[in-house]
Amino acid sequence: MKTNRLEAFSDGVLAIIITIMVLELKTPEEITIDGILKLAPTLLSYIISFIYLGAYWNNHHHLFQITEKVSGKMLWANLHLLFWLSLIPFATSWIGEHYNSAIPTAFYGFILLMAAIAYFILQNTITNSHKDHKSIQESMGSTIKGKISLVLYALGAVVSFYKPVLGIACYVAVLIMWFAPEKKIEKTLNQ
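Note that this is a predicted model, so its numbers are computed, not measured.

The rules behind each value
Residues numbered from 1 in each chain as written. Predicted model: local features only at pLDDT ≥ 70, side-chain atom pairs only at ≥ 80, totals over all residues. Heavy atoms only, no water. Helix = DSSP H or I, 4+ residues; strand = E, 2+ residues; numbered from the N terminus. Buried < 20%, exposed > 50% of the residue type's maximum accessible area, 1.4 Å probe, protein only. Areas by Shrake-Rupley, 256 points an atom, 1.4 Å probe, with all protein chains shown as cover. pLDDT = per-residue confidence, 0-100. Polar contact = N/O pair within 3.5 Å; in protein donor to acceptor, adjacent residues only side chain to side chain. Phe/Tyr/Trp six-rings, centres within 6.5 Å; stacked < 30°, edge-to-face > 60°. Patch = residues over 30% accessible without salt bridge, like charges linked within 9 Å, V, L, I, M, F, W, Y side chains within 5 Å. Salt bridge = Lys/Arg side-chain N within 4 Å of Asp/Glu carboxyl O. Expected span 1.5 Å × (residues − 1). Arc of directions from axis to C-beta. Contact = heavy atoms within 4.5 Å. Core = buried A, V, L, I, M, F, W, Y, C linked by side-chain atoms within 4.5 Å. Axes fitted to C-alpha atoms, helices over the stretch in contact; angles between N-to-C directions. Parallel < 35°, antiparallel > 145°, perpendicular 65-115°, else oblique. Left-handed = near helix turned anticlockwise from the far one by under 90°. Nonpolar A, V, L, I, M, F, W, Y, C, P; charged D, E, K, R; others polar.

Participant: How do you make sense of the overall build of the protein when you look at a structure like this?
Facilitator: Each helix and strand counted, the protein has 10 helices and 0 strands in total. In sequence order, the protein lays out its α and β elements as α-α-α-α-α-α-α-α-α-α. Residues counted as buried form 42% of the 191 residues belonging to the protein. On the protein, roughly 10600 Å² of surface is accessible, and the fraction owed to carbon and sulfur atoms is 68%.

The following block contains the structure:
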């Protein structure tokens, strides 16, 4: 099975997720700068989540550019990833409205952690399905960025119970790391 149907489905789901997120945004009640400033946490949570989804889409795209065939296991691993990503609008809305609260901030980190684990599972499923392709094996090996991400997500969720802003700082740090696609995969694509 080729990758095009999986990619098209994933693109559609991610587009819907982003659409749901933007529909959650409300206009200010006051037509003043203060009205906009009151919505700043909600807008900031939207921007962060939008960039996260963009980074997932970008890395997912690169991942499937080097994938030659799709198996049933890959389809399920991809659905697993999309499930966790589909919870981002809910978590975004909750943390945007309650950014100083521990539980919404920790929950946001938990969703990000689970999406990262799901991406790791998808990547490993692809690697295991392409054991005879050395370039795929090399380009999808374990990365230090991936390991640091998991630690920062878990740390962010835990420290959110102490100080939510520290949890948010952990999530933003991961986002900054993943803003650019994985270099190993890009190197394989350029060969």
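Read on for the rest.
Participant: It is not clear to me how the confidence of the model for the protein should be interpreted in this structure. Could you clarify?
Facilitator: Note: predicted coordinates in regions of low pLDDT should not be interpreted at a detailed level. With 87% of its residues at a pLDDT of 70 or more, the protein has an overall mean of 87. Within the protein, the lowest mean pLDDT, 58, falls on helix 10 (residues 183-189), and the highest, 96, falls on helix 4 (residues 72-86).

Participant: Please explain the environment of Thr19 as it appears in this structure.
Facilitator: Take Thr19: it is sitting in helix 1 (residues 4-24). A residue is classified by how much of its surface remains accessible, and Thr19, at 40% relative accessible area, is partly exposed. The spacing of Thr19 and Pro89 is 70 residues in sequence and 9.2 Å in space, taken between C-alpha atoms. Within the local environment of Thr19, its side chain forms a polar contact with the backbone oxygen of Ala15, the two atoms lying 2.8 Å apart.

Participant: Would you explain the packing of aromatic side chains in this entry?
Facilitator: Two aromatic rings, taken as a pair, are described by how far apart their centres are and by the angle between their planes. According to the stated counting rule, one finds 9 aromatic pairs in the structure shown. Centre to centre, the rings of Tyr108 and Tyr171 are 5.8 Å apart; their planes meet at 55 degrees, and the pair counts as tilted. Linking Tyr108 in helix 6 (residues 102-129) with Tyr171 in helix 9 (residues 164-178), this pair joins segments that are 63 residues apart in sequence. Tyr171 gets classed as buried once you look at its relative accessible area, which sits at 1%. A network of ring pairs unites the aromatic residues Phe83, Trp84 and Phe110 as a single cluster.

Participant: It is not clear to me how a nonpolar patch on the surface should be interpreted in this structure. Could you clarify?
Facilitator: A contiguous nonpolar patch, built from Phe9, Trp76 and Leu79 and spanning about 360 Å² of accessible area, is present on the exposed surface. Relative to the elements of secondary structure, Leu79 occurs in helix 4.

Participant: Before we go on, may I ask you to explain helix 8 (residues 144-159) in this structure?
Facilitator: Side chains of residues three or four places apart in an α-helix project in the same direction, reflecting 3.6 residues per turn. In a regular helix each residue adds 1.5 Å, so 16 residues correspond to 22 Å; helix 8 covers 22 Å between its end C-alpha atoms and thus fits that length. For helix 8, the complete set of buried residues consists of Lys145, Ser149, Leu152, Tyr153, Gly156, Ala157 and Val159. Angularly, the buried residues of helix 8 cover 165 degrees about the axis, an arc narrow enough to put them on a single face. Exposed side of helix 8, more than 90 degrees from the buried face: Ile144, Val151 and Val158 are the residues found there. Those residues of helix 8 hidden inside the fold are in contact with helix 3 (40-65), helix 6 and helix 9.

Participant: What should I look at first to understand the nonpolar core in this one?
Facilitator: Soluble globular proteins tend to bury their nonpolar side chains together. Grouped together as the largest cluster of nonpolar side chains are 42 residues, with contacts concentrated most on Tyr52, Tyr56, Leu85, Tyr108, Tyr153 and Tyr171. Elements with a contribution of two residues or more to this core: helix 1, helix 3, helix 4, helix 5 (88-97), helix 6, helix 8 and helix 9. Here this core takes 12 residues from helix 6, the largest share from any one element. With sequence-adjacent residues up to four places away left out, Tyr52 is seen in contact with Tyr108, Leu112, Tyr153, Tyr171, Val174 and Leu175.

Participant: What is the right way to look at the pattern of salt bridges in this model?
Facilitator: Side chains that differ in sign of charge can pair as their charged atoms come close. Using the criterion set out here, one finds 1 salt bridge in the structure. Of the charged contacts in the structure, one is a salt bridge between Lys38 and Glu30, with a shortest N-O distance of 2.5 Å. Lys38 gets classed as exposed once you look at its relative accessible area, which sits at 57%.

Participant: Honestly, the packing of helix 8 against helix 9 in this entry has me stumped. Any pointers?
Facilitator: Taken N-terminus to C-terminus, the directions of helix 8 and helix 9 make an angle of 165 degrees; their axes are 7 Å apart at the nearest point. Taken as axis vectors, helix 8 and helix 9 run roughly antiparallel relative to one another. For helix 8 against helix 9, the interelement crossing comes out left-handed. In contact with Lys145, Gly146, Ile148, Ser149, Leu152, Tyr153, Leu155, Gly156, Ala157 and Val159 of helix 8, helix 9 contributes Pro164, Leu166, Gly167, Cys170, Tyr171, Ala173, Val174, Met177 and Trp178. For the contact of helix 8 with helix 9, the per-class residue count stands at 14 nonpolar, 4 polar and 1 charged.

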